[in-house]
Amino acid sequence: MHSAPAPFDELDRKIITALMANARTSFAEIGTAVGLSSTAVKRRVDRLRETGVITGFTATVEPSALGWRTEAYVEVYCEGAAPPRRLAEVVRNHPEITAAMTVTGGADALLHVRARDVEHFEEVLERIRVEPFIRKTISVMVLSHLLPDSPEAGATQPAPAVSPE
């Protein structure tokens with residue numbers, strides 16, 4: 001694992017922005033947009049991957065196309081201090097959990113859950129609750145996405161405004 005990404009310049013930022021908007025964009029198309037040859041773009045992308053700036057490429061899929069029509073966020077409250085490593089083991093056992101993080105505040109963790117329907121969500125919630133160190137959960141069902149182009153809504157991740165360091 002890389003401790004800190006290597007510094008990169010404005011051309012690297014433009015290349016990253018293009019790849020975040022569409023990871024299937026060809027090196028030639030990116031080169032035309034940023035003023036480099038496709039070979040130069042490839043070299044930069046290879047370097048950005050080797051240094052850990054670019055960590056991978058993914059396909060974004062509409063969740064409902066996979067049958068996931070119900071979505072919720074679940075706050076998890078643990079007995080005592082549950083180490084993040086133990087929480088990570090639990091969430092890996094539930095394919096319906098699409099994101100999980102430890103958080104500040106009252107809850108110990110926040111889970112993003114997708115399910116086929118409410119009954120499936122309830123079954124997932126019961127599987128989570130049987131863990132011996134989980135004291136309680138609080139669930140919030142998603143009704144609609146106010147930012148439909150966000151990754152949470154199943155959209156391609158928007159390119160962030162990248163400012164120079």
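In every chain, residue numbers begin from 1 and rise along the written sequence. In view of the model being predicted, local features appear only for residues whose pLDDT reaches at least 70, and side-chain atom pairs are presented and counted only at 80 or more, with totals across whole chains, interfaces and linings using the full set of residues. The side-chain figures draw on all heavy atoms in the structure; neither hydrogens nor water molecules are used.

Participant: Explain the pattern of salt bridges to me, using residue names and the numbers behind them.
Facilitator: Each reported salt bridge corresponds to a side-chain nitrogen of Lys or Arg within 4 Å of a carboxyl oxygen of Asp or Glu. Within the structure shown, the criterion is met by 11 salt bridges. Residue Asp 9 is joined to Arg 44 by a salt bridge in which the shortest nitrogen-to-oxygen separation is 2.9 Å. Of this pair, Asp 9 sits in the segment before α1 (10–21) while Arg 44 sits in helix α3 (residues 38–50), and the two are 35 residues apart along the sequence. The exposure class assigned to Asp 9 is partly exposed, which follows from its relative accessible area of 34%. For Arg 44, a relative accessible area of 18% corresponds to the buried category. A salt bridge links Glu 89 to Arg 86; the shortest N-O distance between them is 3.3 Å. With Glu 89 and Arg 86 both in helix α4 (residues 84–92) and three residues apart, the pair spans about one turn of that helix. Per-residue accessibility, obtained with a 1.4 Å probe over protein chains only, is compared with the maximum for each type, and a residue is labelled buried under 20%, exposed over 50%, and partly exposed between these values. According to the relative accessible area criterion, Glu 89 is partly exposed, its value standing at 38%. The network of salt bridges with common partners includes Asp 9, Asp 12, Arg 44 and Arg 47. Only runs of H or I of at least four residues qualify as helices and only runs of E of at least two qualify as strands under DSSP, and these elements are numbered from the N terminus.

Participant: Tell me about the sheet that holds strand β2 (residues 97–102), and please be specific about residues and values.
Facilitator: Note: two strands are recorded as paired if DSSP finds a minimum of 2 bridges between them. Taken in spatial order, the four strands line up as β2-β3-β1-β4 in an open sheet, and their pairing is antiparallel. Two strands bound the open sheet, and with one partner strand each, they are β2 and β4 (134–141). The average undirected angle you get between the axes of adjacent strands in this sheet is 20°. With respect to the sheet, α4 is in contact with β1 (70–78), β2 and β3 (109–115), its orientation differing from that of β2 by roughly 170°. In the packing of helix α5 (residues 118–129) onto the sheet, the strands contacted are β1, β2, β3 and β4, and the crossing angle to β4 comes to about 160°. For helices, the fitted axis covers only the stretch in contact; all axes are lines through C-alpha atoms, and the angles between them, taken along N-to-C directions, range from 0 to 180 degrees. The contact criterion used is simple: two residues touch if any of their non-hydrogen atoms lie within 4.5 Å.

Participant: Before we move on, could you go through the layout of surface pockets and cite the residues and values that matter?
Facilitator: By rolling a water-sized probe across the atoms, one finds the places where empty space is left. A pocket here means an open set of points on a 1 Å grid, computed over the protein atoms alone, that has protein on both sides within 12 Å along at least five of seven lines. A cavity is instead a set of points where a 1.4 Å probe fits but cannot get out; residues with an atom within 4 Å of a point line either one. Grid points are joined across faces, edges and corners, and a volume is the space filled by probe spheres set on the points. Its volume calculated, the second largest pocket comes out at about 190 Å³. Together, 13 residues line the second largest pocket, and Trp 68, Arg 69, Glu 71, Arg 114 and His 145 are the ones closest to its centre. Its residues assigned to classes, the lining of the second largest pocket shows five nonpolar, four polar and four charged. Residues are grouped as follows: nonpolar covers Ala, Val, Leu, Ile, Met, Phe, Trp, Tyr, Cys and Pro; charged covers Asp, Glu, Lys and Arg; every other residue, Gly included, is treated as polar.

Participant: Can you lay out the side chain of Glu 96 for me, pointing to particular residues and giving the numbers?
Facilitator: Mapped onto the elements, Glu 96 comes out in the loop between α4 and β2. Assessed through its relative accessible area of 7%, Glu 96 is described here as buried. In protein, a polar contact means a hydrogen-donor-capable atom and an acceptor-capable atom, both N or O and within 3.5 Å, with residues adjacent in sequence counting only if both atoms are side-chain atoms; elsewhere, any N or O pair within 3.5 Å suffices. In this structure the side chain of Glu 96 is engaged in a polar contact, spanning 2.8 Å, whose partner is the side chain of Arg 127. In this structure Glu 96 touches Trp 68, His 112, Val 113, Arg 114, His 120, Val 124 and Arg 127, once residues within four positions along its chain are discounted.

Participant: Tell me about the packing of aromatic side chains, and name the residues and values.
Facilitator: Here a Phe, Tyr or Trp ring, Trp counted by its six-membered ring, pairs with any other such ring whose centre lies within 6.5 Å, and the pair is stacked when the planes are under 30 degrees apart, edge-to-face when over 60, and tilted otherwise. Counted according to the given criterion, the structure contains zero aromatic pairs. In this scheme, the term charge over a ring applies when either NZ of a lysine or CZ of an arginine sits within 6 Å of the ring centre and within 35 degrees of the ring normal. Sitting over the face of the ring of Tyr 77, Lys 136 holds its NZ or CZ atom 4.7 Å from the ring centroid.

Participant: Hey, could you go over the pairing of β3 for me, with residue numbers and the actual values?
Facilitator: When you tally the buried positions in β3, you get six out of seven residues, the bulk of the element. Bridging between β2 and β3 involves five bridges; their strand directions are antiparallel. Residue pairing in the sheet places Ile 97 in a bridge with Val 113 of β3. Taken together, β2 and the strand that follows it, β3, pair antiparallel across an intervening segment of six residues, in which Gly 105 is found at a positive phi of about 100°.

Keep in mind that these numbers describe shape and distance, not what the molecule does.
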